[in-house]
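What follows is each chain in one-letter form.
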Amino acid sequence: MKIFVFETVDKLYDDLASLYINAVRNNPKITLGLATGSTVIPLYERLINDYKSNQTSYKTVKTFNLDEYIGLNYEHQQSYAYFMDNYLFKHIDINRNNINLLNGKCRDINEECLNYDKLLENNPIDIQLLGIGTNGHIAFNEPGTSFDSKTLVVKLTEETLKSNSRFFNNIEEVPKTAITMGLKSIMDCKKVILVATGVKKAQAIKDVISGEISVDIPASILKTHEDVIIYLDKAAASLL
Ligand code: F6R
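These notes cover the structure that comes with them. (Residues numbered from 1 in each chain as written. Predicted model: local features only at pLDDT ≥ 70, side-chain atom pairs only at ≥ 80, totals over all residues. Heavy atoms only, no water.)

### Describing the packing of helix H2 (residues 41-54) against helix H3 (residues 80-87)
Closest axis-to-axis distance for the H2/H3 pair is 10 Å, and the angle between their directions is 40 degrees. Overall, the two elements H2 and H3 adopt an arrangement that is oblique. Here Ile41, Tyr44 and Ile48 of H2 lie close against H3, whose contacting residues are Phe83, Met84 and Tyr87. Along the lines of polarity and charge, the residues of the contact of H2 with H3 split into 6 nonpolar, no polar and no charged. (Axes fitted to C-alpha atoms, helices over the stretch in contact; angles between N-to-C directions. Helix = DSSP H or I, 4+ residues; strand = E, 2+ residues; numbered from the N terminus. Parallel < 35°, antiparallel > 145°, perpendicular 65-115°, else oblique. Contact = heavy atoms within 4.5 Å. Nonpolar A, V, L, I, M, F, W, Y, C, P; charged D, E, K, R; others polar.)

Printed below as a string of structure tokens:
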């Protein structure tokens, strides 16, 4: 596991964006695992700027997203499908057929999970982007999720509901369940990049890096992956 700590948040995202831009330029058919949430927005902004000024093309890039709230459809402004469109997809030349998202409004949720697993099996992810929850979750794999999990339905913890309520009018509006790529699905990705900024993430980062591997801190399993890079700003690294 490599850990990079950056003096400023801007430097972190500039470096991270370069990694992505080079990866896409070197392999135009790359399969990217993408995340949502405030941590990844500055990266997507830089990818859009680069697309506009340097024409880095995403026409043959494939993407898979990590997770989605159950019960929100693509048009709902807090759905992760909407987020991806708004913060990335509609601004670049990606082919819509190459975008893979979990459907929070599907008719058969078990079928949706199995289909996503099959798609992931047939299209191994080259680089998986991750944020981290204050409770150590990655994707929506909350504490206690089995390390063997593939795409699954999860009940969101109080901590996650509270944290994500900042995007909704109130906490009652936050869906209580979600569908998410599992921890095994994430471990199967060839390369994993976890990004954390701000002091609120410092304890989770300390638990991952200095603590034991435990289902209580889902991200701790990443320590057994052979190609993981953790991008931190000084605040997120402050307890290390
Ligand atoms: C989002 C996701 C979550 C977030 C995490 C951090 O697709 O999978 O694990 O990465 O909750 O969220 P932010 O970046 O909003 O702090």
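Still more to cover.
### Observations concerning unusual backbone geometry
Of note in this structure, glutamine 55 is not a glycine but carries a positive phi near 60 degrees. For glutamine 55, the position within the fold is in the loop between H2 and strand S3 (62-65). For glutamine 55, a relative accessible area of 55% puts it in the exposed group. Not every positive phi belongs to a glycine, and alanine 139 is a case in point at roughly 50 degrees. Structurally, alanine 139 is set in the loop between strand S6 (127-130) and strand S7 (152-155). The exposure class of alanine 139 is buried, given its relative accessible area of 7%. (Buried < 20%, exposed > 50% of the residue type's maximum accessible area, 1.4 Å probe, protein only.)

### A short note on the sheet that holds strand S8 (residues 177-180)
With respect to topology, 3 strands assemble into an open sheet ordered S4-S8-S7, the strand pairing being antiparallel. Of all the strands in the sheet, the pair left with one neighbour each is strand S4 (67-69) and S7. Strand-to-strand twist in this sheet, taken as the mean axis angle between neighbours without regard to direction, amounts to 25 degrees. Direction of pairing for S7 relative to S8: antiparallel, over a ladder of 4 bridges. Paired with valine 153 across the strands is isoleucine 179, a residue of S8. (Pairing = 2+ DSSP bridges.)

### Regarding the site of the ligand
Taken together, 14 residues form the shell around the ligand, and within it Thr39, Asp67, His137, Ala139 and Lys201 come nearest. The backbone of serine 38 places a nitrogen or oxygen atom 2.9 Å from an oxygen atom of the ligand. Measuring from an oxygen atom of the ligand, one finds a side-chain N or O atom of lysine 201 at 2.7 Å. Calculation on the ligand without its partners gives an accessible area of 410 Å², and the protein chains cover 94% of this total. Looking at side-chain class alone, the shell around the ligand contains 4 nonpolar, 7 polar and 3 charged residues. (Near = heavy atom within 4 Å. Polar contact = N/O pair within 3.5 Å; in protein donor to acceptor, adjacent residues only side chain to side chain. Areas by Shrake-Rupley, 256 points an atom, 1.4 Å probe, with all protein chains shown as cover.)

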